[in-house]
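Survey of secondary and tertiary structure
For reference, the chains in residue letters:
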Amino acid sequence: EAGVAQSPRYKIIEKRQSVAFWCNPISGHATLYWYQQILGQGPKLLIQFQNNGVVDDSQLPKDRFSAERLKGVDSTLKIQPAKLEDSAVYLCASSPQRTGGTDTQYFGPGTRLTVL
Amino acid sequence: AQSVTQLGSHVSVSEGALVLLRCNYSSSVPPYLFWYVQYPNQGLQLLLKYTTGATLVKGINGFEAEFKKSETSFHLTKPSAHMSDAAEYFCAGTTGGFKTIFGAGTRLFVKA
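So, how was this worked out
Residues numbered from 1 in each chain as written. Chains lettered and ligands numbered in written order. Predicted model: local features only at pLDDT ≥ 70, side-chain atom pairs only at ≥ 80, totals over all residues. Heavy atoms only, no water. Helix = DSSP H or I, 4+ residues; strand = E, 2+ residues; numbered from the N terminus. Rg over C-alpha atoms; globule rule 2.2 N^0.38 Å. Contact = heavy atoms within 4.5 Å. Lys, Arg positive; Asp, Glu negative; His and termini not counted. Charge placed at Lys NZ, Arg CZ, Asp CG, Glu CD. Buried < 20%, exposed > 50% of the residue type's maximum accessible area, 1.4 Å probe, protein only. Pairing = 2+ DSSP bridges. Axes fitted to C-alpha atoms, helices over the stretch in contact; angles between N-to-C directions. Polar contact = N/O pair within 3.5 Å; in protein donor to acceptor, adjacent residues only side chain to side chain. Core = buried A, V, L, I, M, F, W, Y, C linked by side-chain atoms within 4.5 Å.

Regarding its fold elements, chain B presents 0 helices and 11 strands. Along the chain direction, N to C, the helices and strands of chain B fall in the order β-β-β-β-β-β-β-β-β-β-β. Taking 2.2 N^0.38 as the reference for a compact globule, 112 residues should give roughly 13 Å; the C-alpha atoms of chain B span a radius of gyration of 13 Å, in line with that estimate. Along the three orthogonal principal directions, the C-alpha set of chain B runs to about 40 × 30 × 20 Å. Sequence separation of 24 or more characterises 55% of the internal contacts of chain B that already satisfy a separation of 6 or more. Of the charged side chains in chain B, 9 are positive and 6 negative; the average position of the first set lies 6 Å away from that of the second.

Here you go:
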């Protein structure tokens, strides 16, 4: 079974530029998550989708971050404009069930973003 | 609000020694609890999880954890450390809202 795919793996941009990350979850997984992992910290949930609807986006900085999950499969996370404090690893994960409360989450390798 | 606290950002053990990584949760209701491991340049991988039932949970690679409600703890142990266990370990929990909260992580070093 193919795992969660993410691209790009690394991205370096200047502050105030825009950037987009892509995630392809495991086939058939209903729930998709985007996490931000700042160096030295645990992953912080940014947004959670169930199929193509948003379940939780309470910690997504909506003035600069946006995310969508088209047709309940692939997802993109965008930052516009980027700030220095956005430097982090962005992790995508997916899980099989509708809500994912007890589900195992399957993580992709992440995208390491450096904002200069 | 729910929180997950991992005691010790770094733990160092000798190969063959006991591994003990500590995790405490703060919740008004018993949560679902998880331990994930992250190897360098890789995504997180599930080691084990507690949902309901038996409080001693066995996971992959010889790890186990015990849910202790009275102590609000879910510590991870392995009887004998191996060099390949060197990684970062994250404790996580979810409650009825199905939102997962991760601890800050503990980096395990294994000395030869």
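Here the focus is the overall build of chain A. For chain A, the helix and strand inventory stands at 0 helices and 11 strands. Compactness check: chain A gives a C-alpha radius of gyration of 13 Å against a globular reference of 13 Å for 116 residues, within 12% of the reference. Over its C-alpha atoms, taken along the principal directions, chain A stretches across nearly 40 × 25 × 25 Å. A total of 116 residues make up chain A; the buried ones form 47% of that total. Long-range pairs, those at least 24 residues apart, make up 54% of the contacts in chain A with a sequence separation of at least 6.

All right, on to the sheet that holds strand S7 (residues 65-69) of chain A then. Residues and elements named next belong to chain A. With antiparallel pairing, 4 strands are arranged side by side in an open sheet as S1-S3-S8-S7. Since the sheet does not close on itself, it has two edges, and those belong to strand S1 (5-7) and S7, each with one partner. Taking the axes of each pair of neighbouring strands and ignoring which way they run, one obtains an average angle of 15° across the sheet. One ladder, built from 3 bridges, connects S1 with strand S3 (residues 19-24); its direction is antiparallel. Considered in S3, the bridge of Gln6 is made with Cys23.

Now for the environment of Tyr33 of chain A. Residues and elements named next belong to chain A. Within the fold, Tyr33 resides in strand S4 (residues 31-37). The sequence separation of Tyr33 and Ser94 amounts to 61 residues, and the corresponding C-alpha distance is 6.1 Å. Only 2.9 Å separates the side chain of Tyr33 from the side chain of Ser95, close enough to count as a polar contact.

Of all hydrophobic cores here, the largest spans 26 residues; its most connected members are Trp35, Leu48, Leu76 and Tyr89 of chain B. At the level of elements, strand S2 (10-14), strand S3 (19-26), strand S4 (32-38), strand S5 (44-50), strand S7 (64-68), strand S8 (73-78), strand S9 (87-94) and strand S11 (106-111) of chain B are the ones that each hand at least two residues to this core. In terms of residue count, S3 of chain B provides more of this core than any other element does, 4 residues in total. With 21 residues, the next largest nonpolar core counts Ile13, Ile47, Ala88 and Leu113 of chain A among its residues.

This brings us to the pairing of strand S1 (residues 3-7) of chain B. Residues and elements named next belong to chain B. Where burial is concerned, the two faces of S1 differ: the one with Val4 and Gln6 is buried and the one with Ser3, Thr5 and Leu7 is not. In terms of strand pairing, S1 meets S3 through 5 bridges, oriented antiparallel. Counted as the bridge partner of Thr5 is Asn24 from S3.

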